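Fold and geometry: a report
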Amino acid sequence: MEKSSETNGYLDGAQAGPAVGSGAPGTAGGRARRCADFLRRHALVLLTVSGVVAGAGLGAALRELKLNRTQITYLAFPGEMLLRMLRMIILPLVVCSLVSGAASLDASSLGRLGGIAVAYFGLTTLSASALAVALAFIIKPGSGAQTLQSSDLGLEESGPPPVPKETVDSFLDLYATDYKVVTHNTSFGNVTHEKIPIGTEIEGMNILGLVLFALVLGVALKKLGSEGEELIRFFNSFNEATMVLVSWIMWYVPVGIMFLVGSKIVEMKDIIVLVTSLGKYIFASILGHVIHGGIVLPLVYFVFTRKNPFRFLLGLLTPFATAFATCSSSATLPSMMKCIEENNGVDKRISRFILPIGATVNMDGAAIFQCVAAVFIAQLNNVDLNAGQIFTILVTATASSVGAAGVPAGGVLTIAIILEAIGLPTHDLSLILAVDWIVDRTTTVVNVEGDALGAGILHHLNQKAMKRGEQELSEVKVEAIPNSKSEEETSPLVTHQNPAGPVASAPELESKESVL
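The protein has the name Amino acid transporter in an unreviewed UniProt entry, where Sciurus vulgaris is given as its organism. Looking at the protein in UniProt, the text filed under Sequence similarities (unreviewed entry) is "Belongs to the dicarboxylate/amino acid:cation symporter (DAACS) (TC 2.A.23) family."

In structure tokens:
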């Protein structure tokens, strides 16, 4: 029984698939049927990966045509359609999934799972930051690049670097924080400057605010009892309808990915100069992503579940390809939620509770490239970082990732927070922006991988707790029957199951007393 429960839905499907054509296992017809079953089950994964490869080939071929800006915009239009469809579905998906997930869990389970999730997100992000700082000091990406300027990479059109923010803005931002410097003249002729924060409206939605509101609303509906059941059923139905829309959108993903990747390759001016100039920075960032996503996170999953993490990840190839192409954790959320439930058999209450939160606050990949970028800029300016500054980088990168936007290039603004915290200039951020389109792809893949493995760990722990509770209940039933001496000492469960127990045992007690 335990062995069957350890296999996820993806493996069950893979094992059950060949049985369809097992009528003639040695014949060509049986092999063809098994091959057809395999292609049918994994059609979306194969098409998505093919879309990435085809997009790279399309971009490399069209670079020779020297397309102008208008033609590149037309080329990117199918990919932009995919991004807009995914962003359209995020709002109802996050709100409905979190409301239904929070309402389906009791208060103790919600608090326990939430505490485990917060601890998992915090520890994995902190370990990712420490790994990135160690790699940056070993590889030294900024050595030998002190003379590199943004004009060498053709970045004159990139505009000024982002305005640096304070660390607290990552937590308190309801708008986009800007700063205005006000000069005050005192009566003694002294001049003082005051930096005043100003909130400015931005396009998009406040995902972190939506997550908190949906969680509180779900808990409130649970407290209402029978009065809140109608609204809970409404959100459950809304959630299922949203997942149907997601399944339809997923079949457009290969086409959109192909044009997204192709247009981005055509848009770059000189890839060779870019890679040779900032190659060590790109290598350090991607190496950190490979180590954290390929070793650290799977090891954490194995320690908690004692299961093969790569079998779990095998069912999530489509969300990983979507993350690689879109560079957006939020845009990958619909496909991740669909695949982790259908392919890996994760409980809907767990996945729809933890994945929207993880897409907002869990940014392991972003923490890696932010720490590497901070050390890179320090080496670029010949600044030797002391132990206090290194500790500041670790804490700031871990804390500010909570408020990082799950959109393309959302982590670049967080780098400005880290640079301000350790006293480094921000004018070199244009160099980071130059290669952000490369590094951001592996960053997003590691971000969503951490969310998925966290959901798998919570699912395993929740199942384990449920089995332990059932076992304790059965032990109570078994032990209460022989120990029942009188009606007052009998468990209510035993009284209902065997009401004649105490009455039948009375003559036996009288006979024992007479013998004594």
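**Considering the overall build of the protein**
Looking only at helices and strands, the protein has 22 helices and two strands in total. With 516 residues in all, the protein has 45% of them scored as buried. Partitioning the intrachain contacts of the protein with sequence separation of at least 6 by distance along the chain shows that 79% fall at a separation of at least 24. Carbon and sulfur atoms form 64% of the exposed surface of the protein, whose accessible area is close to 25,800 Å².

**Observations regarding the nonpolar core**
F312, L316, F353 and I354 are the most contacted members of the largest nonpolar core, which has 53 residues in total. Judged by nonpolar contacts, the second largest core, of 40 residues, contains F369, F376, I415 and A416.

**Some points on the packing of helix α14 (residues 317-326) against helix α15 (residues 329-342)**
For the pair α14 and α15, interaxial distance at closest approach is 8 Å and the crossing angle is 175°. Classified by the interaxial angle, the pair formed by α14 and α15 is roughly antiparallel. Residues T318, P319, F320, T322, A323 and T326 of α14 pack against A331, T332, S335, M336 and C339 of α15. A per-class count over the contact of α14 with α15 returns six nonpolar, five polar and no charged.

**What to know about the pattern of salt bridges**
Two side chains that carry opposite charge are able to pair once their charged atoms sit near each other. Counted under the stated rule, the structure contains ten salt bridges. With a closest N to O distance of 3.6 Å, E240 and K348 form a salt bridge. With E240 in helix α9 (residues 229-250) and K348 in helix α16 (residues 348-361), this residue pair connects regions lying 108 residues apart in the sequence. Given the relative accessible area of 40%, K348 is considered partly exposed.

**So, α14**
With respect to burial, α14 is a largely interior element, eight of its ten residues being buried. Among all positions of α14, only T318, P319, F320, A321, T322, A323, A325 and T326 are buried.

**Points about unusual backbone geometry**
Unlike most non-glycine residues, K66 shows phi in positive territory, near 55°. Here K66 shows up in the loop between α4 (43-62) and α5 (69-104). Positive phi values are uncommon outside glycine, yet C327 reaches one of about 60°. Its place among the elements puts C327 in the loop between α14 and α15.

**Some points on the environment of H459**
Its location among the elements puts H459 in helix α20 (residues 429-480). H459 sits in the buried class, given a relative accessible area of 12%. The sequence separation of H459 and K348 amounts to 111 residues, and the corresponding C-alpha distance is 9.4 Å. If we ignore the near neighbours within four places in the chain, the residues touching H459 are G345, V346, D347 and I350.

**Digging into helix α17 (residues 364-380)**
Taking 1.5 Å as the rise per residue, α17 with 17 residues should run 24 Å; its terminal C-alpha atoms sit 24 Å apart, in good agreement. Across the 17 residues of α17, 17 count as buried, placing the element largely inside the fold. Two residues or fewer past α17, N382 is found with a positive phi of approximately 55°.

**Here's the deal with the environment of I282**
Take I282: it is sitting in helix α12 (residues 279-305). Along the sequence, I282 and V372 sit 90 residues apart, while their C-alpha atoms lie 9.3 Å from each other.

**Some remarks on the packing of aromatic side chains**
Each pair of aromatic rings is reported with the distance of its centres and the angle of its planes. In the structure shown here, the tally under the stated rule is five aromatic pairs. Ring geometry for F234 and F238: centres 5.8 Å apart, planes at 70°, overall edge-to-face. Here the residue F234 and the residue F238 both occupy positions in helix α9, the gap between them amounting to four residues, near one helical turn. On the basis of relative accessibility, which here comes to 37%, the residue F238 falls in the partly exposed class. In textbook terms, an aromatic cluster arises when at least three aromatic residues are bridged by ring pairs, as seen for F234, F235 and F238. Taking the ring centre of F324 as reference, the NZ or CZ of R441 above it sits at 5.9 Å.

**Details of a nonpolar patch on the surface**
A cluster of nonpolar side chains, namely L299, F302, V303 and F304, defines an oily patch on the protein surface of about 370 Å² accessible area. The residue L299 is located in helix α12 in this model.

**Describing the side chain of H460**
Within the secondary structure, H460 sits in helix α20. By relative accessible area, H460 is classed as buried at 16%. Setting aside residues up to four positions removed in sequence, H460 forms contacts with F304, T305 and K307.

**Concerning the confidence of the model for the protein**
For the protein, the mean per-residue pLDDT works out to 77, and 72% of the residues sit at or above 70. Confidence over residues 1-23 falls short of pLDDT 50; this stretch has 30 contacts with residues more than four positions distant or in other chains.

**Brief notes about the packing of helix α10 (residues 253-267) against α14**
A pair of packed helices is captured by two measures, namely the crossing angle of their axes and the spacing between those axes. Contact pair α10 / α14: the axes reach a minimum separation of 9 Å and the direction vectors enclose 30°. In terms of orientation, α10 and α14 fall into the roughly parallel class. Every pair of crossing elements has a handedness; the one defined by α10 and α14 is left-handed. Judged by residue contacts, V253, I257, L260 and V261 of α10 engage A321, T322, A325 and T326 from α14.

**Quick notes on the side chain of E341**
With respect to the element layout, E341 can be found in helix α15. In this structure the side chain of E341 is engaged in a polar contact, spanning 2.7 Å, whose partner is the side chain of S351. Excluding its chain neighbours within four sequence positions, the residues that come into contact with E341 are V346, K348, S351 and R352.

**Comments concerning the environment of A130**
Note that A130 resides in helix α6 (residues 107-139). Of the residues examined, A130 reaches a relative accessible area of 37% and is grouped as partly exposed. Put simply, A130 and F391 are 261 residues apart on the chain and 9.3 Å apart in space, counted from C-alpha to C-alpha.

Each value, and the rule that gives it
Residues numbered from 1 in each chain as written. Predicted model: local features only at pLDDT ≥ 70, side-chain atom pairs only at ≥ 80, totals over all residues. Heavy atoms only, no water. UniProt positions renumbered as here; feature names shortened; annotations may be inferred. Helix = DSSP H or I, 4+ residues; strand = E, 2+ residues; numbered from the N terminus. Buried < 20%, exposed > 50% of the residue type's maximum accessible area, 1.4 Å probe, protein only. Contact = heavy atoms within 4.5 Å. Areas by Shrake-Rupley, 256 points an atom, 1.4 Å probe, with all protein chains shown as cover. Core = buried A, V, L, I, M, F, W, Y, C linked by side-chain atoms within 4.5 Å. Axes fitted to C-alpha atoms, helices over the stretch in contact; angles between N-to-C directions. Parallel < 35°, antiparallel > 145°, perpendicular 65-115°, else oblique. Nonpolar A, V, L, I, M, F, W, Y, C, P; charged D, E, K, R; others polar. Salt bridge = Lys/Arg side-chain N within 4 Å of Asp/Glu carboxyl O. Expected span 1.5 Å × (residues − 1). Phe/Tyr/Trp six-rings, centres within 6.5 Å; stacked < 30°, edge-to-face > 60°. Lys NZ or Arg CZ within 6 Å of the ring centre and 35° of its normal. Patch = residues over 30% accessible without salt bridge, like charges linked within 9 Å, V, L, I, M, F, W, Y side chains within 5 Å. pLDDT = per-residue confidence, 0-100. Left-handed = near helix turned anticlockwise from the far one by under 90°. Polar contact = N/O pair within 3.5 Å; in protein donor to acceptor, adjacent residues only side chain to side chain.

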